[in-house]
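# Coordinates in review
As a plain string of letters, each chain reads:
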Amino acid sequence: MREIVIGAAQMGAIQKADSRDAVVARMIALLDEAIAAGCTLVVFPELCLTTFFPRWYMEDEAEVATWFETEMPNAATQPMFDRAREANVAISFGYAEKTPEGQHFNTQILTDQAMNIVGKYRKVHLPGHSEFDPDRAFQHLEKRYFEPGDLGFPVFRNMDAWMGMLICNDRRWPEAYRELGLQGVELIMLGYNTPTTNSQNPDEPPSMREFHSDLCCQAGAYQNSAWVVAVAKAGDEDGHPLFAGSIIVAPNGMIVQKAKTDGDELLVHACDMDATKFGKATIFDFKRHRRTEHYGRITGQTGVIYPDGTKG
Ligand code: CDV
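Residues numbered from 1 in each chain as written. Predicted model: local features only at pLDDT ≥ 70, side-chain atom pairs only at ≥ 80, totals over all residues. Heavy atoms only, no water.

## Points about the pattern of salt bridges
It is possible for side chains bearing opposite charge to pair when their charged atoms get close. Counted only if it meets this: Each reported salt bridge corresponds to a side-chain nitrogen of Lys or Arg within 4 Å of a carboxyl oxygen of Asp or Glu. Helix and strand labels come from DSSP, where a helix needs a run of H or I of at least four residues and a strand needs a run of E of at least two; each type is numbered from the N terminus.
Following the criterion strictly, the structure yields 23 salt bridges and no others. As a salt-bridge pair, Lys-258 and Asp-214 come within 2.9 Å of each other at their nearest N and O atoms. Of the two residues, Lys-258 sits in strand β13 (residues 255-258) while Asp-214 sits in helix α6 (residues 206-224), which places them 44 residues apart along the sequence. Lys-277 serves as the salt-bridge partner of Asp-274, at 3.4 Å between the closest nitrogen and oxygen. Connected through shared salt-bridge partners, Arg-2, Glu-186, Asp-274 and Lys-277 make up one network.

## Structural notes on α6
Stated precisely, the cut-off is as follows: To estimate how far a helix should extend, the number of its residues minus one is multiplied by 1.5 Å. The cut-offs for exposure are 20% and 50% of the maximum accessible area for each residue type, with area from a 1.4 Å probe on protein chains only; residues under the lower value are buried, those over the upper are exposed, and the others partly exposed. Regarding the arc, it is the one traced by the directions from the helix axis to the C-beta atoms.
Over its 19 residues, α6 extends 28 Å from the first C-alpha to the last, a length consistent with the 27 Å expected when each residue adds 1.5 Å. Those residues of α6 that fall on the buried side of the exposure criterion are Arg-209, Ser-213, Asp-214, Cys-216, Cys-217, Gly-220, Ala-221 and Asn-224. The buried residues of α6 occupy an angular sector of 155° when projected down its axis, which confines them to one face. Ser-225 occupies a position one or two residues after α6 and carries a positive phi of about 45°.

## Some words on the packing of helix α5 (residues 174-181) against α6
Geometry of a packed helix pair, given as the angle between the helix axes and the separation of the axes. To be explicit about the condition: Every axis corresponds to a line fitted to the C-alpha atoms, with the helix fit spanning only the stretch in contact, and the corresponding angles, defined between N-to-C directions, vary from 0 to 180 degrees. Every angle not falling under 35 degrees, over 145, or within 65 to 115 is termed oblique; those three ranges are roughly parallel, roughly antiparallel and roughly perpendicular. Handedness of a helix crossing follows the sense of rotation of the near helix relative to the far helix, less than a right angle counterclockwise being left-handed and clockwise being right-handed. Throughout, a contact is declared for two residues whenever any of their heavy atoms are within 4.5 Å. Under this grouping Gly is polar, as are all residues other than the nonpolar Ala, Val, Leu, Ile, Met, Phe, Trp, Tyr, Cys and Pro and the charged Asp, Glu, Lys and Arg.
Axis separation between α5 and α6 bottoms out at 10 Å; the angle between their running directions is 30°. On the basis of their axis angle, the class for α5 and α6 is roughly parallel. As for how α5 packs across α6, the hand of that crossing is right-handed. Between α5 and α6, the contacting residues are Tyr-177, Arg-178 and Gly-181 on the first element and Cys-216, Cys-217, Gly-220, Gln-223 and Asn-224 on the second. Looking at the contact of α5 with α6 residue by residue, the class counts come to three nonpolar, four polar and one charged.

## Topic: the packing of aromatic side chains
Selection criterion: Pairing of aromatic rings covers Phe, Tyr and the six-membered ring of Trp, with a centre-to-centre limit of 6.5 Å; geometry is then stacked below 30 degrees between planes, edge-to-face above 60, and tilted otherwise. Each ring is checked for a lysine NZ or an arginine CZ that lies within 6 Å of its centre and within 35 degrees of its normal; such an atom marks a charge sitting over the ring.
Going through the model one piece at a time under the given rule, you end up with 11 aromatic pairs. Considering the side-chain rings of Phe-81 and Phe-93, the 6.2 Å spacing of their centres and the 85° angle between planes classify their relative orientation as edge-to-face. Residue Phe-81 is located in helix α3 (residues 78-87), and its partner Phe-93 is located in strand β3 (residues 90-98); the two are separated by 12 residues in the primary sequence. Cluster of aromatic residues (ring-pair linked, three or more members): Phe-53, Trp-67, Phe-68, Tyr-145 and Phe-146. Just above the ring of Trp-56 sits the side chain of Lys-16; from NZ or CZ to the centre is 4.2 Å.

## Quick notes on the nonpolar core
Stated formally: By nonpolar core we mean a set of buried residues, namely Ala, Val, Leu, Ile, Met, Phe, Trp, Tyr and Cys, connected to one another through side-chain atoms within 4.5 Å.
Counting 48 residues, the largest nonpolar core has Ile-6, Leu-41, Met-163, Leu-187 and Val-228 as its most contacted members. Ranked by the residues each element gives to this core, the list is headed by strand β9 (residues 227-232), at six residues. Dropping the residues within four chain positions of it, Ile-6 is found in contact with Cys-39, Leu-41, Val-43, Leu-187, Val-229, Ile-248, Leu-267, Val-268, His-269, Cys-271 and Met-273. If you look at the next biggest cluster of nonpolar residues, it comprises 27 residues, including Val-23, Ala-34, Cys-39 and Ile-91.

## Looking at the layout of surface pockets
If a probe as big as a water molecule is rolled over the atoms, it shows which places are left empty. In plain terms, the rule: In this analysis the probe radius is 1.4 Å and the grid spacing 1 Å, with only protein atoms considered; a cavity is a set of points the probe fits into but cannot get out of, a pocket is an open set with protein on both sides within 12 Å along at least five of seven lines, and lining residues have an atom within 4 Å of a point. Grid points are joined across faces, edges and corners, and a volume is the space filled by probe spheres set on the points.
Computed from the structure, the largest pocket encloses a volume of approximately 530 Å³. For the lining of the largest pocket, the elements supplying multiple residues, two or more each, are α5, α6 and α9 (296-300). Among the elements that take part in the lining of the largest pocket, α5 stands out by supplying six residues, more than any other. Class assignment of the residues belonging to the lining of the largest pocket gives a composition of 10 nonpolar, five polar and six charged.

## Considerations on the sheet that holds β9
To keep it simple, the criterion reads: Two strands are counted as paired when DSSP detects at least two bridges linking them.
Here six strands make up an open sheet; going across it, the order is β6-β7-β8-β9-β12-β13 and the pairing mixed. The open sheet has two free edges, formed respectively by β6 (155-158) and β13, since each of these has just one partner strand. Across the sheet, the axes of successive neighbouring strands diverge by a mean angle of 20°, strand direction being ignored. Of the strand pairs in this sheet, strand β7 (residues 161-167) and strand β8 (residues 187-192) are connected by five bridges, and their pairing is parallel.

## Observations concerning the site of the ligand
How we decide: Whether a residue is near a molecule or strand depends on its heavy atoms: it is near if one of them lies within 4 Å of it. We call two N or O atoms a polar contact when they sit within 3.5 Å, provided that within protein one can donate a hydrogen and the other can accept it, with sequence-adjacent residues counted only if both atoms are side-chain atoms. Reported accessibility uses the Shrake-Rupley method at a 1.4 Å probe radius. Residues are deemed covered only where the shown protein chains occlude them. Whether a molecule lies in a cavity or pocket depends on its atoms, and more than half of them have to be within 2 Å of the grid points.
Around the ligand lies a shell formed by Glu-46, Phe-52, Lys-123, Pro-127, His-140, Glu-142, Cys-168, Asn-169, Arg-171, Arg-172, Asn-193 and Thr-194. Taking Arg-171, its side chain carries an N or O atom lying 3.2 Å from an oxygen atom of the ligand. Taking Thr-194, its side chain carries an N or O atom lying 2.6 Å from an oxygen atom of the ligand. Here the ligand has 320 Å² of accessible area as a free molecule, and 88% of this is covered by the chains. Placement of the ligand is best described as lying within the second largest pocket. Residue composition of the shell around the ligand, by class: three nonpolar, four polar and five charged.

## Here's the deal with the state of the cysteines
Going by this rule: Throughout, a disulfide means two cysteine sulfur atoms within 2.5 Å of one another.
One pass over the structure, following the stated rule, counts zero disulfides. For Cys-48, which is in no disulfide, the shortest distance to another cysteine sulfur is to Cys-168 and amounts to 13 Å. When its relative accessible area of 5% is taken as the criterion, Cys-168 is described as buried.

Quick look at the structure:
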């Protein structure tokens, strides 16, 4: 048995006016709750130090810059790093990263229990658009503010397990999970900020949106025989609701923990990394069962090409 007691630290709304210090204080409160519950790894959401700023159209570069972190840890997050180190707890969380070269990424990091940053992932599947879209009920400008991740889908050895990360929209793409699965991933940590309504389809019910989120995480867990910890930033941010429903999914695809509120809420589960072994050795023993000679299209093309040659 290789058990890691994991805390999924769902966060409620962060308003535009909220300071990093106030947000980090909330993260430390969740961390303290996790420490009391015996967690040794705590996972926080995507872009969890600020409001989900890509919903706001900005032209002023100086204004855009205010949402990005140029170093990690920094003055605002250091108290959380200190508290986690003191308690010997590893953490993973998402933030907007500006590199020394001036690149902008939607990033998630993973630490070990001594708070060394041992893993970094930069979101590959950026949803939304890059210019103001008057036809949407609200904006989703990730393609304006971020570049697609340039690190691939790395897997890291941490706490005697193989760990990987995805970020929000990545969870809808089976290729992303399989990239991790092919490196033997045992634990996938992901954070999300998902609007409760579809900006392009007002008829889509919130229940369906949460169903799609669960469906993707459960399929990704099952088909790669890995734990998936999916953590929301939720609640009403300046009039823009994000759905909650954070979950911990076992390697058999079953949800073992689910959030009950749309506020700051901690889910705790003792996740046995050895529970990933059965699926990996049987129905999803990739080495025996995969047929790569038939998978060329998956990396060879992006859009649809019909059998008659016309493009979708
Ligand atoms: N932050 C996200 O990546 N959100 C997307 C929305 C736009 C659908 C998501 O996949 O949840």
